[in-house]
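Letter by letter, the chains look like this.
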Amino acid sequence: MSTCVVIPAAGSGTRLGHDRPKAFVALAGRTLLEHCVLGTLASGAATDIVVAVPEALVRPAQDMLDALLAGDGAAPGAHGVRVRVVAGGADRIDSVAHALDAAGDPELVLVHDAARCLAPPEVFVRVAAALHSGASAVVPVLPMTDTVKRAAETAPGAPAGTRERLLSDLDRAALRRVQTPQGFAASVLREAHRLQRTDPLPAATDDAQLVERLGYGVEAVAGDERALKITHPIDLRIAGLHLADGAGIRSEQDPS
C-alpha cells in the first residue's frame, strides 16, 4: 500500500538551547532531520516522504536531503522513494496539515517527529503492519514507569512561587507514553485535519488526538526507548550514547 511518511520538523528547539531549529541540530555528525530520514528509509515503510521545515530553510533542507539520496552513496532504502520539503506552519499540527496538502493521494500516512530521530525501523514496521491489517489509527507506546500524580491548577492571581498542590495518584498501569511514528488510513487523517481547520482543538499535541475526536479507535503497538523525544540538552546526550553503543538505525532485515 502506498505510504507517505510526514515529518514535522519546523519546531524552534528553544528548550534544546541551540541557535537553530531543533531538526537542524547536529548529533554525531548529522542533523536530527538526517537521522530521522535515514531511519524512515531503512524501515522500508515509505513510498514517499514529505518534510515540513521553517519556510526559510526549505531550500537548504531539500539540498541536504537530496544529498542523502544521491549517487553511489545513497542512503539504504532510498531507491524509488521521493523526499520533498515544504514550509511548515505555526505549530506541529499546522505543519502536518501543510505536509498532508503536499502528500498527493497515498493510502496510508505515518506521522513521525524529527525530534524522535532514532526511532528504529522495527517500530515503523509494527505500525505499518497494524495498518495493513485494517487498523484506522496506530500509535507506538511504552509503559509508564514513574509515579504520576494529578495537580490542582494554580489559582488566578496566586503569588509567584506558590507551591503546586497535588491531588491524587493516577494508576500508571493504565497509562502509556506515546511515541511516533503514528500511522493512519490517509482518509481518516485528512478528515481529522479538515475538522481541525474549521473547529480547532487547542490542546491537541498529536494527530491521534484529532482522530480520536472523530470517534475512531486508536490501536497500540510496542514502542522503543530509542525513540526518545529530543527536547532538552540531556536528551541529545542520551541519543549520542545510543549511537555510540551501536543502537542506532539499522534495517529490520539486518540481524546484527
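Everything discussed here concerns the structure shown above.
Residues numbered from 1 in each chain as written. Predicted model: local features only at pLDDT ≥ 70, side-chain atom pairs only at ≥ 80, totals over all residues. Heavy atoms only, no water.

(A) Expanded view of the overall build of the protein chain. Regarding its fold elements, the protein chain presents 7 helices and 12 strands. What you see for the protein chain is a C-alpha radius of gyration of 19 Å, in line with the 18 Å of a compact globule of 256 residues. Dimensions of the protein chain, computed from C-alpha atoms along their principal axes, come out at roughly 60 × 40 × 40 Å. Looking at the protein chain residue by residue over its 256 residues, the buried ones come to 46%. Of the contacts made within the protein chain by residues no fewer than 6 positions apart, 74% connect residues no fewer than 24 positions apart. By element, 52% of the accessible surface of the protein chain is carried by carbon and sulfur atoms, the whole surface being about 12800 Å². (Helix = DSSP H or I, 4+ residues; strand = E, 2+ residues; numbered from the N terminus. Rg over C-alpha atoms; globule rule 2.2 N^0.38 Å. Buried < 20%, exposed > 50% of the residue type's maximum accessible area, 1.4 Å probe, protein only. Contact = heavy atoms within 4.5 Å. Areas by Shrake-Rupley, 256 points an atom, 1.4 Å probe, with all protein chains shown as cover.)

(B) Structural view of the side chain of Asp48. Relative to the assigned elements, Asp48 resides in strand S4 (residues 48-53). With a relative accessible area of 8%, Asp48 lands in the buried category. In this structure the side chain of Asp48 is engaged in a polar contact, spanning 2.5 Å, whose partner is the side chain of Arg84. In contact with Asp48, other than residues within four places in its own chain, are Thr3, Cys4, Val5, Val81, Arg82, Arg84 and Ala103. (Polar contact = N/O pair within 3.5 Å; in protein donor to acceptor, adjacent residues only side chain to side chain.)

(C) Broad picture of the nonpolar core. Core analysis: the largest hydrophobic core is formed by 45 residues, its most contacted members being Ile7, Leu33, Val37, Ile49, Val51 and Leu65. Considering each element in turn, this core owes the most residues, 6 residues, to helix H1 (residues 32-43). Residues in contact with Leu33, not counting those within four places in the same chain, are Ile7, Ala9, Ala23, Phe24, Val51, Val53, Met64, Leu65 and Ala114. Core analysis: the second largest hydrophobic core is formed by 22 residues, Cys4, Ala186, Ala192 and Leu210 among them. (Core = buried A, V, L, I, M, F, W, Y, C linked by side-chain atoms within 4.5 Å.)

(D) Structural context of the pairing of strand S11 (residues 182-185). Of the two faces of S11, the one holding Gln182 and Phe184 and the one holding Gly183 and Ala185 are both buried throughout. In this sheet, S11 lies alongside strand S6 (residues 108-111) in antiparallel orientation, the contact comprising 4 bridges. The residue bridging Leu108 from the neighbouring strand is Ala185, located in S11. Here 2 bridges tie strand S7 (residues 137-143) to S11, and the two strands are oriented antiparallel to one another. (Pairing = 2+ DSSP bridges.)

(E) Quick look at the pattern of salt bridges. Considering all chains together, one arrives at 13 salt bridges under this definition. Among the charged side chains, a network of salt bridges with common partners joins Asp48, Arg82 and Arg84. (Salt bridge = Lys/Arg side-chain N within 4 Å of Asp/Glu carboxyl O.)

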